[in-house]
Amino acid sequence: MTSLQGCHNIDSLARLAQRYLPRLVWDYIEGGVDDEACLVRNRQAFDGVTLMPRYLVDVSSLTLSRSLWTQTYAMPLGIAPTGLAGFARHGADLMLARAAQQFGVPFVLSGAGTASIEAAAQAAPDQTWFQLYVSREQRITEDLVRRAAAAGVQHLVVTVDVPVHSNRERDVRNGFVPPVKPTLSAIADALCHPAWLARFAKQGLPRFESWAPYAGEGASARQIADLFTSQIPFTQTWRDLARLRELWAGKFIVKGILHADDARRAVEVGADAVWVSNHGGRVLDSAPSALSCLPAIRQAVGPQTVLLVDGGVRRGSDVIKALAMGADFVFAGRPMMYGVAAGGQAGVAQALAIFQRELSLGVAQLGGWGSATHTPVQDQGL
Ligand SMILES: Cc1cc2nc3c(=O)[nH]c(=O)nc-3n(C[C@H](O)[C@H](O)[C@H](O)COP(=O)(O)O)c2cc1C
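A brief look at the structure comes next. (Residues numbered from 1 in each chain as written. Predicted model: local features only at pLDDT ≥ 70, side-chain atom pairs only at ≥ 80, totals over all residues.)

**Section: the site of the ligand**
Note the following rule: Throughout this description, a residue near a molecule or strand is one whose C-beta atom, derived from the backbone, lies within 6 Å of it. A run of H or I in DSSP counts as a helix once it spans at least four residues, and a run of E counts as a strand once it spans at least two, with each numbered from the N terminus.
Residues in close proximity to the ligand total 25 residues, the closest being A80, G83, G280, G333 and R334. Looking at the shell around the ligand, the elements with two or more residues in it are α2 (23–30) and α15 (334–366).

If you want it as structure tokens, here you go:
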């Protein structure tokens, strides 16, 4: 069986994670909405882009580091927010945070995270960003924002692409939809994963830790989850977004934008960055790939607005492609979940190291960042 150190690419890390995890958790991480066409489209978009190399250039002292606002990161790749990470491995959010701190890349704690904002900010004081799902009750939203600021978080990511629940059929089949009630076959499968099961049995059900204070003292994981699902998803509007912008003094990032006009409007509302994303193919199956939306959005917002992107990034070359198509910084979700499931913090570090190695080879082979130009092989139909 391949060891963590034997995983030389993200795909092998995924296979290791899949072996460790019961089907219920693997499907939750890996799955997409409906027919999973958007999930496939995200990957195809990268495969459909080529990069033009330039030679006879000195590439002996290239750097991967990239600045965003006042901070410099080790490379232009961060850890996207992933809810319920604690199901992959107990303490997963803090493992992700610590690996990000170790590498010098951003870690975005999910609003559905299984560590609290305060714990994540403590684990990665320089790297923790907080992703917010706006809740039905304004007092909860406002308190989460206040707590993030008090914990020293400087980047707030507001996810706008989940107005209602999405139909992730793998989760439906496994009984991993609220109120969670695993099917007999999912339970039987979990019993065949003793390493995962032993940890899970010892540590108990992961909780939406940031939400614990709103569920009342002594609330169980189930009660906190019930509160969470009664509050989210909530259909927010531009007015809600503008109000949030006023509440937050730090960098304000709007995640889940695909339309150029929405990107422009987010900037008008005061966004410091637009995060181009289709939620990793988990929300609207007919949505375009995030990568294909980048050029139009870059054109709409101009060169000054920071553009982030995610969805299907599995190779260092994907990061280069996204940057060549207009992004300033790239994020990955599932690859980091594979890492944390396969090997905890060391597994996340392995995922980041794989990306870093591929990136440095790719940039050198292209003759430097500046020369990377793209050629879309297929028109994704913007
Ligand atoms: C298991 C899982 C949970 C996720 N949870 C959240 C979340 O809580 N908030 C959010 O904004 N995005 C969430 N996302 C979307 C990611 O932030 C990101 O947009 C997506 O994973 C990028 O695609 P990739 O997995 O192909 O890298 C989640 C994605 C996955 C795979």
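**Remarks on the pairing of strand β7 (residues 155–159)**
Here is the rule we go by: Partly exposed residues are those whose C-beta has more than 12 but fewer than 20 other C-beta atoms within 10 Å; 20 or more makes a residue buried and 12 or fewer makes it exposed, with C-beta atoms placed from the backbone. Should DSSP find at least two bridges between two strands, the strands are regarded as paired.
For β7, the tally of buried residues reaches five of five residues, placing the bulk of the element in the interior. By the alternation rule, side chains of β7 split into H155, V157 and T159 and L156 and V158, which are all buried. In this sheet, β7 lies alongside strand β6 (residues 128–132) in parallel orientation, the contact comprising three bridges. Bridge pairing links Q131 to V157 in β7.

**Examining the pairing of strand β11 (residues 329–332)**
The side chains of a regular strand alternate between the sheet's two faces. Burial along β11 is two-sided: F329 and F331 facing one way and V330 and A332 facing the other are all buried. By the bridge criterion, three bridges tie strand β4 (residues 77–79) to β11 in an arrangement that is parallel. Considered in β11, the bridge of L77 is made with V330. Both strand β10 (residues 306–310) and β11 contribute to a ladder of three bridges, which runs parallel. Among the inter-strand pairings, D310 is bridged to a residue of β11, identified as F331.

**Section: helix α3 (residues 37–47)**
To be explicit about the condition: Note that the arc is computed from the directions linking the helix axis to the C-beta atoms. Contact definition: two residues whose C-beta atoms, as placed from backbone geometry, lie within 7 Å.
All of the buried residues along α3 are C38, L39, R41, N42, A45 and F46. Angularly, the buried residues of α3 cover 165° about the axis, an arc narrow enough to put them on a single face. Those residues of α3 that are buried are in contact with β1 (49–52), α13 (290–301) and α14 (316–324).

**Overview of unusual backbone geometry**
Between P178 and the following residue, P179, the backbone shows a cis peptide bond with an omega angle of -10°. Structurally, P179 is set in the loop between α7 (169–174) and α8 (184–191). For the peptide bond that leads from I232 to P233, omega is 5°, which places it in the cis range. A positive phi angle, close to 60°, is found at L84, a residue other than glycine. For L84, the location among the structural elements is in the loop between β4 and α4 (92–103). Overall, the presence of 21 C-beta atoms within 10 Å leaves L84 in the buried class.

**Brief notes about the environment of T183**
Note on placement: T183 falls in the loop between α7 and α8. With 14 C-beta atoms counted inside 10 Å, the residue T183 sits in the partly exposed group. Along the chain, T183 and V254 lie 71 residues apart, while their C-alpha atoms are 36 Å from each other.

Interpretation in functional terms is not warranted from these geometric data alone.
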